[in-house]
Amino acid sequence: HLHGFTGFGGTPGQAIVLVWPSDYNVPRLPAMTAHEFHHNIRLSCEPWSADTTVGQYIVVEGLAEAFAAEMYGADKLGPWVRSLDDGQHEQVKPVYREALSTTGFPVISGYMFGNPQAGIPAYAGYSVGYRVVNEYLRRSGKSVVEATYRPWREIIDESRYF
């Protein structure tokens, strides 16, 4: 992935973080690890399944990034949460609004990692999810820990992002 690091925390009790050691990556290692372990907790509440939606996926990633930011600072997050500027967010909002209930990993992964044919920039789902979650936290007054246990639909609806 971007900058030589990636991870997986979808299996409770396990987290994998693959990192090319560099001046950019090493300071981000604690935040990367917190992000992946957050998935362990979140996916215990709303498990991943064949019915996982775009909405659920953006919330999973947005919460993990918000948790890592709270623990280690937003400056230690990966580049994907800032992959879209304000104008790009406005362009993709309607695309995501219409796709929130879409299922099927081959389809929903395009909303996270990018799908040029559908006009979805690389890593747009991470950036959208991070904004959705931060809006939810701001509007609800909940902490990211409290939000971890809330249904994805509530987080999206109460964020008023869409």
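Above this text sits the structure in question.
Residues numbered from 1 in each chain as written. Predicted model: local features only at pLDDT ≥ 70, side-chain atom pairs only at ≥ 80, totals over all residues. Heavy atoms only, no water.

(A) Looking closely at unusual backbone geometry. The phi dihedral of tyrosine 123 falls on the positive side, at around 60 degrees, and the residue is not glycine. Structurally, the position occupied by tyrosine 123 is in the loop between helix H4 (105-113) and helix H5 (124-140). Look at tyrosine 123 and you get buried, because its relative accessible area is 13%. Unusually for a residue other than glycine, arginine 160 sits at a positive phi of about 60 degrees. Examined against the element boundaries, arginine 160 turns out to sit in the segment after helix H7 (152-159). A residue is classified by how much of its surface remains accessible, and arginine 160, at 62% relative accessible area, is exposed. (Helix = DSSP H or I, 4+ residues; strand = E, 2+ residues; numbered from the N terminus. Buried < 20%, exposed > 50% of the residue type's maximum accessible area, 1.4 Å probe, protein only.)

(B) Molecular detail of the packing of helix H1 (residues 29-45) against helix H2 (residues 54-72). In contact at an axis separation of 8 Å, H1 and H2 are set at 135 degrees when each is read in the N-to-C sense. Between H1 and H2, the crossing angle belongs to the class labelled oblique. Here H1 runs over H2; the crossing is right-handed. On H2, the residues that touch Pro30, Ala31, Ala34, His35, His38, His39, Arg42 and Leu43 of H1 are Val59, Val60, Glu61, Leu63, Ala64, Glu65, Phe67, Ala68, Met71 and Tyr72. For the contact of H1 with H2, the residue count by class is 12 nonpolar, 3 polar and 3 charged. (Axes fitted to C-alpha atoms, helices over the stretch in contact; angles between N-to-C directions. Parallel < 35°, antiparallel > 145°, perpendicular 65-115°, else oblique. Left-handed = near helix turned anticlockwise from the far one by under 90°. Contact = heavy atoms within 4.5 Å. Nonpolar A, V, L, I, M, F, W, Y, C, P; charged D, E, K, R; others polar.)

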